[in-house]
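Coordinate analysis (summary)
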Amino acid sequence: MKVSHSVSGAVRRFSYWIANGTVGHPLLNDVDYFREFQDSPSLLEQVYAIFINNLELDERGNVLNAKYAEQRAAQYIKQYCVPGYTADPPFTGSGELNLY
């Protein structure tokens, strides 16, 4: 079985928003996260894991919550880059942070 077009599209759009600086708009408007990605490539790896781990699919493989998954990834970036910011809800051992 291959990844559905819906999942492929969601990952493509997420990658585009990461690359052009609009991921999580407006949450990260004043956060220069590109430098952090350069200094810590594992941050980008973790951000993608959070995005993918939060995606929910229907029985046909269609993504149901791409915007939510994007927002959780953006919250992680902000939490990493902005001292004192805490994601709501907080990241826990719920599987969001797992790297497979």
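Right, let's walk through the structure included here. From a predicted model like this one, the values you see are computed outputs, not experimental measurements. (Residues numbered from 1 in each chain as written. Predicted model: local features only at pLDDT ≥ 70, side-chain atom pairs only at ≥ 80, totals over all residues. Heavy atoms only, no water.)

1. Quick word on the overall build of the protein
- If you tally the helices and strands in the protein, you get four helices and zero strands.
- Order of helices (α) and strands (β) in the protein, N terminus to C terminus: α-α-α-α.
- Since a compact globule built from 100 residues should have a radius of gyration of about 13 Å, the 13 Å found for the protein is in line with a globular shape.
- In terms of overall dimensions, the protein has a C-alpha envelope of 40 × 30 × 25 Å along the principal axes.
- For the protein, buried positions account for 37% of its 100 residues.
- If you take every contact in the protein between residues at least 6 apart in sequence, the share linking residues at least 24 apart comes to 56%.
- Accessible surface computed for the protein: about 6300 Å², of which carbon and sulfur atoms make up 53%. (Helix = DSSP H or I, 4+ residues; strand = E, 2+ residues; numbered from the N terminus. Rg over C-alpha atoms; globule rule 2.2 N^0.38 Å. Buried < 20%, exposed > 50% of the residue type's maximum accessible area, 1.4 Å probe, protein only. Contact = heavy atoms within 4.5 Å. Areas by Shrake-Rupley, 256 points an atom, 1.4 Å probe, with all protein chains shown as cover.)

2. Quick look at the side chain of glutamate 70
- If you trace the backbone, glutamate 70 turns up in helix H4 (residues 66-81).
- Exposure remark for glutamate 70: the relative accessible area of 1% places this residue in the buried category.
- Setting aside anything within four residues of it in sequence, one finds glutamate 70 in contact with Phe14, Trp17, Thr22, Val23, Gly24, His25 and Phe51.

3. Digging into the packing of helix H1 (residues 5-20) against helix H3 (residues 41-54)
- Contact pair H1 / H3: the axes reach a minimum separation of 11 Å and the direction vectors enclose 145°. At the point where H1 passes H3, the crossing takes the right-handed sense. In this structure, H1 contributes Ala10, Val11, Phe14, Ser15 and Ile18 to the contact, and H3 contributes Leu44, Val47, Tyr48, Phe51 and Ile52.
- Among the residues forming the contact of H1 with H3, the class breakdown is nine nonpolar, one polar and no charged. (Axes fitted to C-alpha atoms, helices over the stretch in contact; angles between N-to-C directions. Left-handed = near helix turned anticlockwise from the far one by under 90°. Nonpolar A, V, L, I, M, F, W, Y, C, P; charged D, E, K, R; others polar.)

4. What about the nonpolar core?
- Formed by 22 residues in total, the largest nonpolar core has its most connected members in Val47 and Ile77.
- Looking at this core element by element, the count peaks at five residues for H4.
- Those residues in contact with valine 47 that lie beyond four places of it in its chain are Phe14, Ile18, Phe37, Ala73, Tyr76 and Ile77. (Core = buried A, V, L, I, M, F, W, Y, C linked by side-chain atoms within 4.5 Å.)

5. Examining the environment of glutamine 75
- Tracing the chain through its elements places glutamine 75 in helix H4.
- Judged by relative accessible area, glutamine 75 falls into the buried class, the value being 12%.
- In contact with glutamine 75, other than residues within four places in its own chain, are Leu27, Tyr85, Ala87, Asp88 and Phe91.

6. Concerning unusual backbone geometry
- Here the residue pair histidine 25 and proline 26 is connected by a cis peptide bond, since its omega of 5° sits within 30 degrees of zero.
- Relative to the assigned elements, proline 26 resides in the loop between H1 and helix H2 (33-39).
- Residue proline 89 is bonded to the preceding aspartate 88 through a cis peptide linkage, with omega at 5°.
- Note on placement: proline 89 falls in the segment after H4.

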